[in-house]
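Residue strings, one per chain:
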Amino acid sequence: MARLIAVGIPPRWARHVLLAQHGALIAASTVLGLVIALVPSVVLALQINGFVLSVPWWQLAVLAVSLYLAALLAALHSAHKLSVTEAGRG
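All figures in this text were calculated on a predicted structure; none of them were measured in a lab.

As a further point, take the overall build of the chain. The helix and strand tally for the chain stands at four helices and zero strands. Out of the 90 residues belonging to the chain, those deemed buried represent 9%. Only carbon and sulfur atoms are counted for the fraction: they give 73% of the accessible area of the chain, which is about 7100 Å².

Put into C-alpha cells, the structure is as follows:
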C-alpha cells in the first residue's frame, strides 16, 4: 500500500486495489481447487463400474460460504485498519 501511495494514489483507492487483489486470489484458488478435486473424481468414477459419486452439496456450500465470508471480513478489516503511516513502515 505504501508503494501505491508513494506514486500518488489516494489511500482509499489503494485499499480498494488491495481488496481486489484478495478477491482475485480467492477466485483463482477456488478454480484451481475445483480442477484439482473434480478431474480425479470424474476419472475415478469412469474407471470403476457401479461407482456412484455422492457429494454432500449443502455441507460444501456451508463450508464455502463460511470460508469466503471469513476471508472477506479479514480482508476488509485489515484494509480499513491499515493507515498510511503503517503502510510506510511495512
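Moving on, we get to the environment of Ala64. Here Ala64 lies in helix 3 (residues 57–81). Taking the C-alpha atoms as reference points, Ala64 and Thr30, 34 residues apart in sequence, are found 9.4 Å from one another.

Take the packing of helix 2 (residues 11–47) against helix 3 next. Where helix 2 meets helix 3, the axes come as close as 10 Å, and the angle between the chain directions of the two elements is 160 degrees. The pairing of helix 2 with helix 3 is recorded here as roughly antiparallel in orientation. The chirality of how helix 2 crosses helix 3 is right-handed. Residue-level contacts link Arg15, Leu19, His22, Ile26 and Thr30 of helix 2 to Tyr68, Ala71, Ala75, Leu76, Ala79 and His80 of helix 3. A per-class count over the contact of helix 2 with helix 3 returns seven nonpolar, three polar and one charged.

All right, on to the confidence of the model for the chain then. Averaged over all residues, the pLDDT of the chain is 83; the fraction at 70 or higher stands at 89%. Within the chain, the lowest mean pLDDT, 53, falls on helix 4 (residues 84–89), and the highest, 88, falls on helix 3.

The next thing to look at is the environment of Ile26. Turning to its location among the elements, Ile26 is positioned in helix 2. Under the relative-accessibility criterion, Ile26 is labelled partly exposed at 26%. A C-alpha to C-alpha distance of 8.0 Å links Ile26 and Tyr68, two positions 42 residues apart in sequence. If sequence neighbours within four positions are ignored, Ile26 has contacts with Tyr68 and Ala71.

So, how was this worked out
Residues numbered from 1 in each chain as written. Predicted model: local features only at pLDDT ≥ 70, side-chain atom pairs only at ≥ 80, totals over all residues. Heavy atoms only, no water. Helix = DSSP H or I, 4+ residues; strand = E, 2+ residues; numbered from the N terminus. Buried < 20%, exposed > 50% of the residue type's maximum accessible area, 1.4 Å probe, protein only. Areas by Shrake-Rupley, 256 points an atom, 1.4 Å probe, with all protein chains shown as cover. Axes fitted to C-alpha atoms, helices over the stretch in contact; angles between N-to-C directions. Parallel < 35°, antiparallel > 145°, perpendicular 65-115°, else oblique. Left-handed = near helix turned anticlockwise from the far one by under 90°. Contact = heavy atoms within 4.5 Å. Nonpolar A, V, L, I, M, F, W, Y, C, P; charged D, E, K, R; others polar. pLDDT = per-residue confidence, 0-100.

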